[in-house]
Amino acid sequence: MYLKRPAGGLAFCLFYLASCFTNKYVLSVLQFTYPTLFQGWQTLVGGLLLHVFWKLGWVEINLCSRSEILSWLPASVLFVGIIYAGSRALSRLPIPVFLTVHSASEVITCGFQKFVQKETSHLKVCSVLCLLVAAVCLPLCDTQFDPNGYLWALIHLICVGAYKVFHKLWKPNSLSDLDQQYINYVFSVVLLASASHPAGDLFSALDFPSLYFYRFHSSCCASGLLGFFLMLHAVKLKSSTTSGQYAAWSFLAKLITASLSPFFFVMTANVLTISCLVTSGIGEALLVYTERTGT
């Protein structure tokens with residue numbers, strides 16, 4: 001059976017859907033396109049909540065080795081790239097398109113496994129080729145083609161793939177997933193806060209039309225909280241299931257989110273665009289199968 005621990009998995013899917021929709025609402029509907037501030041806010045909320053949960057004893061964090069913390073910092077740099085480029089891309093691209101390009105990050109992971117570790121099966125190569133073909137053909141078929149959106153999505157894809165590869169190569173095992181995320185949060189807040197003025201976001205945001213509106217404040221609060229609880233449920237689900245089961249839940253969360261998003265956000269699609277989305281879905285389903293069976 002692919003989907004075990006239904007309560008935890010469904011909670012993960014719900015937070016994934018809500019977090020993605022809230023971010024899309026802030027970025028595209030309200031058009032708050034100041035990623036150093038928006039992502040800085042989200043990581044600040046996530047870091048503060050994780051610190052509170054740690055001090056209350058609700059989660060366990062062990063940051064005793066400075067050398068291991070420093071060795072993880074390259075991954076934190078990639079994490080900042082992931083959230084910054086992802087924010088830029090999501091503000092310009094429909095959710096199904098963004099998720100399709102995001103899924104193609106498996107091409108980098110698979111390439112590393114095949115050419116460096118010599119571990120990849122033929123079925124996994126086929127599944128990754130489906131993801132690659134879908135991601136490459138999608139801009140050619142997209143009636144809402146946005147070159148800047150796809151450029152940021154490509155940067156996001158590269159950062160996600162590099163982050164996964166670094167995680168596989170990283171040797172120390174004493175840092176848990178929550179330890180790593182705590183370091184990511186702290187590093188992101190410092191870097192994004194430092195970059196907000198040079199990037200021009202700090203003062204440009206003062207002219208944001210909805211700056212003093214309740215819907216903007218509530219949406220930003222919701223985005224921070226939902227992002228944190230999504231991370232917490234993802235870590236919990238990953239630790240309590242096999243890699244195949246976690247991949248199945250992740251695929252289901254993406255499928256639900258991509259399927260429902262056209263009912264809430266504007267998206268124009270033709271037959272070729274839908275074909276690319278379906279091809280990506282087939283590729284990811286095959287990838288889940290390979291993770292589950294080890295083939």
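For the structure itself, look to the data block above.
Residues numbered from 1 in each chain as written. Predicted model: local features only at pLDDT ≥ 70, side-chain atom pairs only at ≥ 80, totals over all residues. Heavy atoms only, no water.

Some remarks on helix α12 (residues 271-293)
Using the following cut-off: For the purposes of this entry, the term helix denotes a DSSP run of H or I that reaches at least four residues, the term strand denotes a run of E that reaches at least two, and both are numbered from the N terminus. Any helix carries an expected span of 1.5 Å times its number of residues minus one. Each residue's exposure class comes from its accessible area (1.4 Å probe, protein chains only) as a fraction of the maximum for that residue type: buried when under 20%, exposed when over 50%, partly exposed otherwise.
Here α12 is 23 residues long and its end C-alpha atoms lie 33 Å apart, about the 33 Å a rise of 1.5 Å per residue gives. Buried within α12 are the following residues: T273, C276, S280, G283, E284, L287, V288 and T290.

Observations regarding the side chain of Q42
Where we set the bar: Side-chain atoms alone can form a polar contact between residues adjacent in sequence; in general such a contact is a pair of N or O atoms within 3.5 Å, and within protein one must be able to donate a hydrogen while the other accepts it. Contacts are assigned to residue pairs with any non-hydrogen atoms lying within 4.5 Å of each other.
For Q42, the position within the fold is in helix α2 (residues 35-55). Overall, the relative accessible area of 13% leaves Q42 in the buried class. Only 2.8 Å separates the side chain of Q42 from the side chain of N23, close enough to count as a polar contact. Not counting residues up to four positions away in its chain, the partners in contact with Q42 are N23, S223 and G224.

A word on the layout of surface pockets
Think of a ball as big as a water molecule: rolled over the atoms, this probe shows where empty space is left. In plain terms, the rule: Put simply, the grid is 1 Å and covers the protein atoms alone, a cavity is a trapped set of points that fit a 1.4 Å probe, a pocket is an open set with protein on both sides within 12 Å along at least five of seven lines, and lining residues have an atom within 4 Å of a point. Grid points are joined across faces, edges and corners, and a volume is the space filled by probe spheres set on the points. Residue polarity is assigned by list, with Asp, Glu, Lys and Arg as charged and Ala, Val, Leu, Ile, Met, Phe, Trp, Tyr, Cys and Pro as nonpolar; anything else, Gly included, falls into the polar class.
The computed volume of the second largest pocket comes to approximately 230 Å³. Around the second largest pocket, the lining comprises 14 residues; the ones closest to its centre are T100, L255, A258, L277 and G281. For the lining of the second largest pocket, the residue count by class is 7 nonpolar, 5 polar and 2 charged.

Comments concerning the packing of helix α4 (residues 95-103) against helix α7 (residues 147-169)
Defined as follows: Between N-to-C directions, angles span 0 to 180 degrees; the directions come from axes that are lines fitted to C-alpha atoms, helices contributing only their stretch in contact. Crossing chirality is assigned from the near helix's rotation relative to the far helix, an anticlockwise turn below a right angle marking it left-handed and a clockwise turn marking it right-handed.
Contact pair α4 / α7: the axes reach a minimum separation of 8 Å and the direction vectors enclose 35°. Viewed along their axes, α4 and α7 form a crossing whose handedness is right-handed. Packed against α4, whose contacting residues are V97, F98, V101 and H102, the element α7 presents Y150, A153, L154, H156, L157 and V160 at the interface. A class-by-class count of the residues in the contact of α4 with α7 yields 8 nonpolar, 2 polar and no charged.

As for the nonpolar core
Within soluble globular proteins, side chains that are nonpolar tend to cluster in buried spots. Convention followed: Among the buried residues, those of types Ala, Val, Leu, Ile, Met, Phe, Trp, Tyr and Cys that are joined through side-chain atoms within 4.5 Å form a nonpolar core.
In terms of nonpolar packing, the biggest core is built from 42 residues, with F12, F32, I95, F208 and F216 touching the most fellow members. Breaking this core down by element, the ones donating at least two residues are α1 (6-29), α3 (66-90), α4, α6 (122-141), α7, α10 (214-240) and α11 (243-260). Element by element, the count of residues in this core is highest for α1, at 9 residues. Listed in part, the 15 residues of the second largest apolar core include I83, V160, F166 and L192.

Overview of a nonpolar patch on the surface
Which entries qualify depends on this criterion: Patches were defined on residues exceeding 30% relative accessible area and lacking a salt bridge, with like-charge contacts within 9 Å and nonpolar side-chain contacts (Val, Leu, Ile, Met, Phe, Trp, Tyr) within 5 Å. The Shrake-Rupley method, run with a 1.4 Å probe sphere, supplies the accessible areas, and residue values consider only the shown protein chains as cover. Salt bridge, as applied in this entry: a Lys or Arg side-chain nitrogen positioned within 4 Å of an Asp or Glu carboxyl oxygen.
A cluster of nonpolar side chains, L151, L154, I155 and I158, forms an exposed patch at the surface whose accessible area comes to about 330 Å². Within the secondary structure, L151 is located in helix α7.

Thoughts on the pattern of salt bridges
Summed over all chains, the structure comprises 4 salt bridges. Where E106 meets K164, a salt bridge forms, and the shortest distance between an N and an O atom there is 2.7 Å. Taken together, the positions of E106 in helix α5 (residues 106-117) and K164 in helix α7 put the pair 58 residues apart, joining distant regions of the chain. Of the charged contacts in the structure, one is a salt bridge between K124 and E291, with a shortest N-O distance of 3.5 Å. Within this pair, whereas K124 is found in helix α6, its partner E291 is found in helix α12, the two being separated by 167 residues in sequence. Judged by relative accessible area, which is 10%, K124 ranks as buried.

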